[in-house]
Amino acid sequence: EGTAVQGAGALGYEGAAMLNLPIARDAVALRVVAYHSEEPGWIGNAATGDSSSNSARVYGGRVALRWETGGWQTDLAVAGQKIATDDSQWLNQSDPQFSRSTGQPEPNHNYFKNGRLTVRKAMGGINFLSSTSVTKQEVSRYQDASAVSDQFSLPQPMIFDEEMYYNLFNQELRANGGGAEGV
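All values derive from a computational prediction rather than experimental measurement. (Residues numbered from 1 in each chain as written. Predicted model: local features only at pLDDT ≥ 70, side-chain atom pairs only at ≥ 80, totals over all residues. Heavy atoms only, no water.)

Participant: Help me out: how do you make sense of unusual backbone geometry in this one?
Facilitator: The phi angle of most residues is negative, glycine excepted, and most peptide bonds adopt the trans form. Of the consecutive residues Gln 156 and Pro 157, the connecting peptide bond is found in the cis state with omega at -10°. Tracing the sequence through the fold places Pro 157 in the loop between helix H1 (146-149) and strand E10 (159-177). For Asp 26, which is not a glycine, the phi torsion comes out positive at approximately 55°. Its identity is not glycine, yet Ser 153 carries a phi of approximately 55°, on the positive side. Relative accessible area serves as the criterion here: at 68%, Ser 153 is assigned to the exposed category. (Helix = DSSP H or I, 4+ residues; strand = E, 2+ residues; numbered from the N terminus. Buried < 20%, exposed > 50% of the residue type's maximum accessible area, 1.4 Å probe, protein only.)

See below:
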């Protein structure tokens, strides 16, 4: 699968692929998904002369394995994605030509990784589920802070560099069913 988009005279593209692979009939299957896109910028930066300063790239994928045996269903999956943008999406409000004017590019990046394990089983009218996941995310962005450097007696150009890291662990245990009384 793929498409193309245009911005500031450049051509971008995207594509995705998926593979479903039965490993053991009615018991084990694998799914692999991958995608990528190149998005041309549509904002010009008058200060740097770049006519498509906010170009972006997206990469990602997922691998999932399902195993069913003896009434148990187990799903194991990992996923990841990277988004990288070369410059900010902010515009000069008064300029109808989709442009901005900063002396320094303001790129940003966003990465995440996720892994999960889910186990299900129905026994005696009760449905049991255990779901565990771990997610890690990194976000970074750079901003041209030169406009305020004089207020702090700092040299130009000045860049504000922000990096954020997130780690999330999630565990869910659930039992439901059991007729009119519930569990």
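We are not done yet, so read on.
Participant: Whenever I open this one, the pattern of salt bridges confuses me. Can you help?
Facilitator: Taken as a whole and assessed by the stated rule, the structure comprises five salt bridges. Asp 75 is paired through a salt bridge with Arg 66; the nearest N and O atoms lie 2.6 Å apart. What makes Asp 75 buried here is its relative accessible area of 9%. One salt bridge connects Glu 172 with Arg 174, and the closest N-O pair in it is separated by 2.9 Å. Here the residues in one salt-bridge network are Arg 66, Asp 75 and Arg 120, joined through shared partners. (Salt bridge = Lys/Arg side-chain N within 4 Å of Asp/Glu carboxyl O.)

Scope: geometric values only; no functional claims are made or implied.
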